Structures are given as structure tokens and as C-alpha cells.
Amino acid sequence: MRIWKFSVERWQFTLVLFGLLIAVGVSSLQNIPRSEDPEFHAPIPTVVAVYPGADPVDIERLVVDPIEDAINELDDIKRMDSRSLDGVGVVRIEFQWHTDPDEKYDEVVREVNRIRAQLPADLAALEVRKASSGLVNIAQFALVSEDASYRELKDLGEKLRDSIETVPGVRRSEVWAYPMPEIRVAVDLERMGRAGITLGQVEAAIRGENASIPGGAVDVGLRKYNLKTSGSYDSLEEIAETVVASRSGRNVRLRDIASVAWNSSEERYTGRFKAERAIFITANAKDRVDVFAVRNGIYERLEAFERQLPAGVRLERGFDQTRNVERRLNRLGVDFAIAIGLVLLTLLPLGLRAALVVMISIPLSLAIGLAMLYFTGFSLNQLSIAGFVLALGLLVDDSIVVVENISRYLRAGY
């Protein structure tokens, strides 16, 4: 028995099957992860080296060439490009697309680590970056203040970052657009000269006091104690009290020859939110999670954090990826309603029953498509929504043609 004959003669079973398929589709729509882009990992790692003060020629000779020579030994390389700029070298490697992206990323990291000793020791940064759609930030927030210091904003931003990273579904959160805080020791050369102390002694004293060195072990009877010299500074006062040298039985401390205070490193760029001074906190999501659920979890943390902000600092919500996702989902609903309206308008001359039969095929097909996406592990994103819209147009056209053909056969006496 053919499937269409079985469906007509066993119409009760067909209706129950249709109802089950629609129920599965509705359940899939409620549980399927929603995101702006599909999870896509490309075998295209990028090596970025930052070497402040070096010109493009030095970057090419000292950094880019050794990295290219090391990576060129790997298999399955399709293409390798590099750029040498003032203070920055970038090497982009594209492997054959049938290879495993994670495996090739690990190979590049291994080769870069192997030649690290051959590269300049004073590189400011050397990192290997993955190429993945999941690394795109789904939310961005700003801590805005014209009065608070960058150090205070940084501490607040790190607290918010740590809170966001504990939200289920968040991959990573980062703080941006602030100069690094540093402790500046301003030496008084006149006083240092009178004390007979050199800059090397000052540097050695600070470095030695701030080092944590294992001191071995001491056996006391049946017990064994591990010793460690804990030299990490906890406050400016401890740094100021560092003994630099001893002269005539008197200790010369750092505060006697220098002033110690908090400061900031050189500002290489400035963060602004709506023309106001700010630092930024971003967050991205893990693969195959619902960005709406992640966004709701992040916003709960924001509300709790906002109540603890000091006066003069406010939290602004900037970018929210769920707005784009929601707009595309709404567009799918509009296209769905337009399709049903066009079917009803086109097929009414053939009778209400024919129009209803075709109209049933539209939500039924969407339900089956959603169920297939859900059970195969894909998300509802802009590509799958575009596919639904395209398929919706084909489905409506084909349904109209089929019903008109059936009507033609009925008029012919079949």
C-alpha cells in the first residue's frame, strides 16, 4: 500500500501523527538553543606578537620569520599570511578544511612555545587565537564615571567580571579600556646620593623583597615542615618600609630616599560610552546554549551588582546580542503569517477545504524542521531562520501547485 493511500484510508492515524509532530515541534521550539550565529570552528589559528617600539622591518626579521619557519613544518597547511606593523606582527595560518580545528590549534601552540626562546625576550605579548563564531561577545556593559580613578573602575570591573563568569553558559568575561595600575617609586637622586646608594641596589632590594622562594624542608621529629619565604607586598606601606641598605648601623629604607604611590601605565587608548569616560566588560557564551537564558542570568547579576556601586559610578548596558536574535525570530513569525494569508487568499476559489489542507502543511513542516534541528544538536540562528524563510516560500508554491493539480483531476472525473 502506498503511503498516500494509507494516509487517506487511515485518516484517524494520520491526524494523530500530525498532532504528535506538531507537539514535538512546539516542544523543540521551547527548548532549542537560540543564538545569532551557528557554532562554527575553522582551522584558521592566528599568532599575534606585540613588540612595542619595533619597526616593521625588525618585526619581520625578529618575530614573524622565525614563527613562519616553525609553523611551515606542520602538515595540511593550505595558506599562510603575515603582516608586520609598527610594534605588532600577525601570522594567519589556514589549514585544509577537513582537518580538526582543535588539533591544528594545539599544533600551532606547540610550535610557538618551542621557538619562544628564539624570539625577543621583551615581547609584550605572544598569543595564538582560535577562529570560532562562539568567541563573539553576546553582551557588553560599561562602568561610567568622570571622577573615579581607573584603579577603582578596574577593581569594580573585575568584581563584575568574576560574577558574570559564574553564570551558567558563559564561556569568558573580560574587562577592557583601562590603563594598567602600577606602583611608581620616584627616587630622590640627591638623598640617594647622600646615602651612597645606587639605583641597582634599590631595584635589587625591591625585587628581592617581592619574591616568593621555596626554602626547602625541615624535619622535626616525625613531622616535616615545608618552608617558603613569602615576600609579596600587600600595601604601599610595606614597600616604603623596604630596607635598601645599612649605613653606620642605621637601616636606610625606601621611604628615606623615594616616594611610593599608586599610578597608571601609559594610556594607549581611551574608552568612551556615549562620550563619557568608561571601561567595558564583555561576555561571550559557550556553544549550544540559549543566549536568552544566558542573558537573563547575566542581567540578574547586574541588578545585584548595581546596588553596590559607589556614588559617581554607574553601570550602562550597551550591546545585547539577544535583540538581534529576537528581531529575526519575530521576522520569522511575520513571514509565517504572510505565508498562511497568501495560501488562504490563493486557494479560496478552490474551496475552503483545499485551503485548510495546504495551510496545515505549513506549521507541520516548520514543526518537523524545528524537531530535526533540535535532535541533531543545531541551534536556531540567523542561518537556520533564513533557511526556514526560503523553505517556506518553496513549500507554499509547491502546495498550491499540488492542490490545483488535485482539483484538475477531480474535474476530469477521477
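Given the structure is predicted, the values throughout are model-derived calculations rather than measurements. (Residues numbered from 1 in each chain as written. Predicted model: local features only at pLDDT ≥ 70, side-chain atom pairs only at ≥ 80, totals over all residues. Heavy atoms only, no water.)

S.K.: Which residues make up the packing of helix H5 (residues 150–165) against helix H10 (residues 291–306), and what values go with them?
M.R.: Taken N-terminus to C-terminus, the directions of H5 and H10 make an angle of 145°; their axes are 10 Å apart at the nearest point. Here H5 runs over H10; the crossing is right-handed. Counting all contacts with H5, which are made through Leu156, Lys159, Leu160, Ser163 and Ile164, the residues of H10 involved are Ile298, Arg301, Leu302 and Phe305. When the residues that make up the contact of H5 with H10 are grouped by side-chain class, the tally is 6 nonpolar, 1 polar and 2 charged. (Axes fitted to C-alpha atoms, helices over the stretch in contact; angles between N-to-C directions. Helix = DSSP H or I, 4+ residues; strand = E, 2+ residues; numbered from the N terminus. Left-handed = near helix turned anticlockwise from the far one by under 90°. Contact = heavy atoms within 4.5 Å. Nonpolar A, V, L, I, M, F, W, Y, C, P; charged D, E, K, R; others polar.)

S.K.: I'd love a proper account of the pattern of salt bridges, names of residues and values included.
M.R.: Note that side chains of opposite charge can pair when their charged atoms are close. Overall, the coordinates contain 29 salt bridges when judged by the stated rule. The salt bridge involving Arg10 is made with Glu9; its shortest N-O contact spans 3.8 Å. Notably, a salt bridge pairs Glu241 with Arg253, separated by 3.5 Å at the nearest N-O pair. With Glu241 in the loop between helix H8 (236–240) and strand S10 (243–247) and Arg253 in strand S11 (residues 250–253), the pair connects residues that are 12 residues apart, well separated along the chain. We classify Arg253 as partly exposed; its relative accessible area is 25%. (Salt bridge = Lys/Arg side-chain N within 4 Å of Asp/Glu carboxyl O. Buried < 20%, exposed > 50% of the residue type's maximum accessible area, 1.4 Å probe, protein only.)

S.K.: Report on the packing of aromatic side chains, specifying residues and quantitative values.
M.R.: One pass over the full model with this rule turns up 4 aromatic pairs. Ring geometry for Phe141 against Tyr299: centres 6.0 Å apart, planes inclined by 70°, an arrangement best described as edge-to-face. Of this pair, Phe141 sits in strand S5 (residues 137–144) while Tyr299 sits in helix H10, and the two are 158 residues apart along the sequence. Comparing Phe141 with Tyr299 shows no difference in burial state: the two are buried. Taken together, a centroid distance of 5.3 Å and an interplanar angle of 70° make the contact between Tyr374 and Phe375 edge-to-face. Look at Tyr374 and you get partly exposed, because its relative accessible area is 33%. A residue is classified by how much of its surface remains accessible, and Phe375, at 62% relative accessible area, is exposed. (Phe/Tyr/Trp six-rings, centres within 6.5 Å; stacked < 30°, edge-to-face > 60°.)

The values are spatial; any link to function lies outside them.
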